[in-house]
Amino acid sequence: MSRLLEVNDLKVSFKTYGGEVKAVRGVDFHIDQGEVLAIVGESGCGKSVTAQSIMGLLPKKVSMIKGGSVTFNGEEILGLPKKKMQKLKGSEIGLISQDPMTSLNPTMRIGSQIAEAIKKHTNYSKSQVYARVIELLHLVGIPNPEKRYKQYPHELSGGMRQRVLIAMALSCEPKLLIADEPTTALDVTIQAQILDLLKDIQKRLDTSIILITHDLGVVAEVAQRVAVMYAGVVIESGEVEEIFEAPKHPYTWGLLHSVPKYEKGNHEKSRLVPIEGSPPDLFAPPVGCPFAARCEYAMEICVDQMPDVTKSSPTHSARCWLNDSQAPSVKDFVAAGGER
Ligand code: SF4
């Protein structure tokens, strides 16, 4: 598989009246052609900010890219001028957002909205654009597309509106789709249908998908690889099986413990239950492990020093001192008075 997108040491801050919020603090990950990567974590962990940085969607006045790089097909796209970024977004990268109601124009027929997206990036004639809209509506499973073409967003159900957004994102045949919590606003049955649609699109069109979610059921259902984020850092990443069956970071253990059923087919019971305590203050992030204040295994070194990335397989890595060769095993830790 060829490397499509690579994010290296990405750092993003926000200017606020209270000072600088260090929202993303050195994020690394990649996605290959045709792959589905899930970025998972609690709200505020930096996953959506990371996606917005890739898409050049951060509000310029209040955000600052403090460092790092984002390459797409080998070319740097971080900080690309607006026009070039818009061209890239239209032709190579599509975005599916969480709430179709705010992303669709309520005063425009849905067919016209998809047609606008097509016209921006092609020289199609009127009839070709119409035919392409109908084809896209078919592709995303909207029945009776000729009739739906003329309807307004409020005439469609939430699931149908999300399908329209997916059709718009696919209008330019993107190599990469970024789906930011695409099913959060939908009920469970419709969520499952939208996830099936995303899986189908990935297979049929060989599209890569970055799926941003706080829902481990969604991850198990769709993704091949996972990056777990906490306090603006990727604290663990690996193949889905590696993360679900042999996680290496106490935060991931906490996430998995908080999910009653996370295997395929049990999606409806998979919402995260918050882990006790709160993430650190990103105005003044800790110098050591950001999870230390909530971690039952925290050692002295955890507070003083950020753990390095340790690899447990070519595809699985984590940032936790417990994975250091000199660290006590969790079993020894428990024997010495830990609680696990
Ligand atoms: Fe817990 Fe220390 Fe690992 Fe952080 S580095 S997760 S505090 S054991």
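Here the structure is shown first, and the text comes after it.
For clarity, every value in this text was computed on a predicted model and none was experimentally measured.

The next thing to look at is the overall build of the protein. The number of helices and strands found in the protein is 13 helices and 12 strands. Here the C-alpha atoms of the protein give a radius of gyration of 21 Å, agreeing with the 20 Å that 2.2 N^0.38 yields for 340 residues. Along the three orthogonal principal directions, the C-alpha set of the protein runs to about 75 × 40 × 40 Å. Evaluated residue by residue, the protein yields a buried proportion of 52% over its 340 residues. For the protein, contacts bridging at least 24 residues in sequence account for 65% of all contacts bridging at least 6. As displayed, the protein has an accessible area near 16300 Å², and 52% of this comes from carbon and sulfur atoms. Charged side chains in the protein number 39 positive and 40 negative. The centres of these two groups are separated by 10 Å.

Attention shifts here to the sheet that holds strand 5 (residues 75–76). An order of 2-1-4-5 is seen for the 4 strands of this open sheet, with the pairing classed as antiparallel. Edge positions in the sheet fall to strand 2 (19–32) and strand 5, since each of these pairs with one other strand and no more. Here 11 bridges tie strand 1 (residues 3–16) to strand 2, and the two strands are oriented antiparallel to one another. Across the sheet, Glu6 pairs through a bridge with His30, a residue of strand 2. Where helix 1 (residues 47–55) meets the sheet, its contacts fall on strand 1, strand 2 and strand 4 (63–72), and the angle it forms with strand 1 comes to roughly 110°.

If you check the shell around the ligand, you find 13 residues, and the closest are Cys289, Cys295, Cys302, Cys320 and Trp321. Tallied by class, the residues present in the shell around the ligand amount to 12 nonpolar, 1 polar and no charged.

Our next topic: the packing of aromatic side chains. Taken as a whole and assessed by the stated rule, the structure comprises 5 aromatic pairs. Taken together, a centroid distance of 5.3 Å and an interplanar angle of 70° make the contact between Tyr251 and Phe291 edge-to-face. Within this pair, whereas Tyr251 is found in helix 11 (residues 250–257), its partner Phe291 is found in the loop between helix 11 and helix 12 (300–304), the two being separated by 40 residues in sequence. No difference in accessibility class separates Tyr251 from Phe291, as the two residues are buried. Relative to Tyr297, the ring of Trp253 lies with its centre 5.5 Å away and its plane at 85°, an arrangement referred to as edge-to-face. Of this pair, Trp253 sits in helix 11 while Tyr297 sits in the loop between helix 11 and helix 12, and the two are 44 residues apart along the sequence. Across this residue pair, the class does not change: Trp253 and Tyr297 are buried. Here a set of aromatic residues connected by ring pairs shows up, and it is made of Tyr230, Tyr251 and Phe291.

Below, the discussion takes up the side chain of Thr50. Among the secondary structure elements, Thr50 is positioned in helix 1. From its side chain, Thr50 meets the backbone oxygen of Gly46 in a polar contact 2.7 Å long. For Thr50, the contacting residues outside a window of four places in its chain are Leu10, Val24, Val27, Phe29 and Met229.

To continue, consider the nonpolar core. Ranked by size, the top nonpolar core spans 101 residues in total, and within it Leu5, Phe29, Ile54, Ile77, Ile166, Leu176 and Ile210 carry the most contacts. With 7 residues, the single largest contributor to this core is helix 7 (residues 158–170). Look past the residues within four positions of Leu176 in its chain and what remains in contact with it is Leu4, Leu5, Ile31, Phe72, Glu92, Ile93, Gly94, Thr207, Ser208, Ile209 and Ile210.

On to the pattern of salt bridges. One pass over the structure, following the stated rule, counts 14 salt bridges. Arg294 is the salt-bridge partner of Glu42, the closest N and O atoms lying 3.2 Å from each other. With Glu42 in the loop between strand 3 (36–40) and helix 1 and Arg294 in the loop between helix 11 and helix 12, this residue pair connects regions lying 252 residues apart in the sequence. Like Arg294, Glu42 is buried. Between Arg204 and Asp200 there is a salt bridge, and its shortest N-O distance comes to 2.9 Å. Of this pair, Arg204 and Asp200 both sit in helix 8 (residues 188–205), 4 residues apart, which is roughly one turn of that helix. For Arg204, a relative accessible area of 52% gives the class exposed. Assessed through its relative accessible area of 30%, Asp200 is described here as partly exposed. Within the structure, one salt-bridge network assembled from shared partners comprises Arg3, Glu6 and Asp32.

Rules used throughout
Residues numbered from 1 in each chain as written. Predicted model: local features only at pLDDT ≥ 70, side-chain atom pairs only at ≥ 80, totals over all residues. Heavy atoms only, no water. Helix = DSSP H or I, 4+ residues; strand = E, 2+ residues; numbered from the N terminus. Rg over C-alpha atoms; globule rule 2.2 N^0.38 Å. Buried < 20%, exposed > 50% of the residue type's maximum accessible area, 1.4 Å probe, protein only. Contact = heavy atoms within 4.5 Å. Areas by Shrake-Rupley, 256 points an atom, 1.4 Å probe, with all protein chains shown as cover. Lys, Arg positive; Asp, Glu negative; His and termini not counted. Charge placed at Lys NZ, Arg CZ, Asp CG, Glu CD. Pairing = 2+ DSSP bridges. Axes fitted to C-alpha atoms, helices over the stretch in contact; angles between N-to-C directions. Near = heavy atom within 4 Å. Nonpolar A, V, L, I, M, F, W, Y, C, P; charged D, E, K, R; others polar. Phe/Tyr/Trp six-rings, centres within 6.5 Å; stacked < 30°, edge-to-face > 60°. Polar contact = N/O pair within 3.5 Å; in protein donor to acceptor, adjacent residues only side chain to side chain. Core = buried A, V, L, I, M, F, W, Y, C linked by side-chain atoms within 4.5 Å. Salt bridge = Lys/Arg side-chain N within 4 Å of Asp/Glu carboxyl O.

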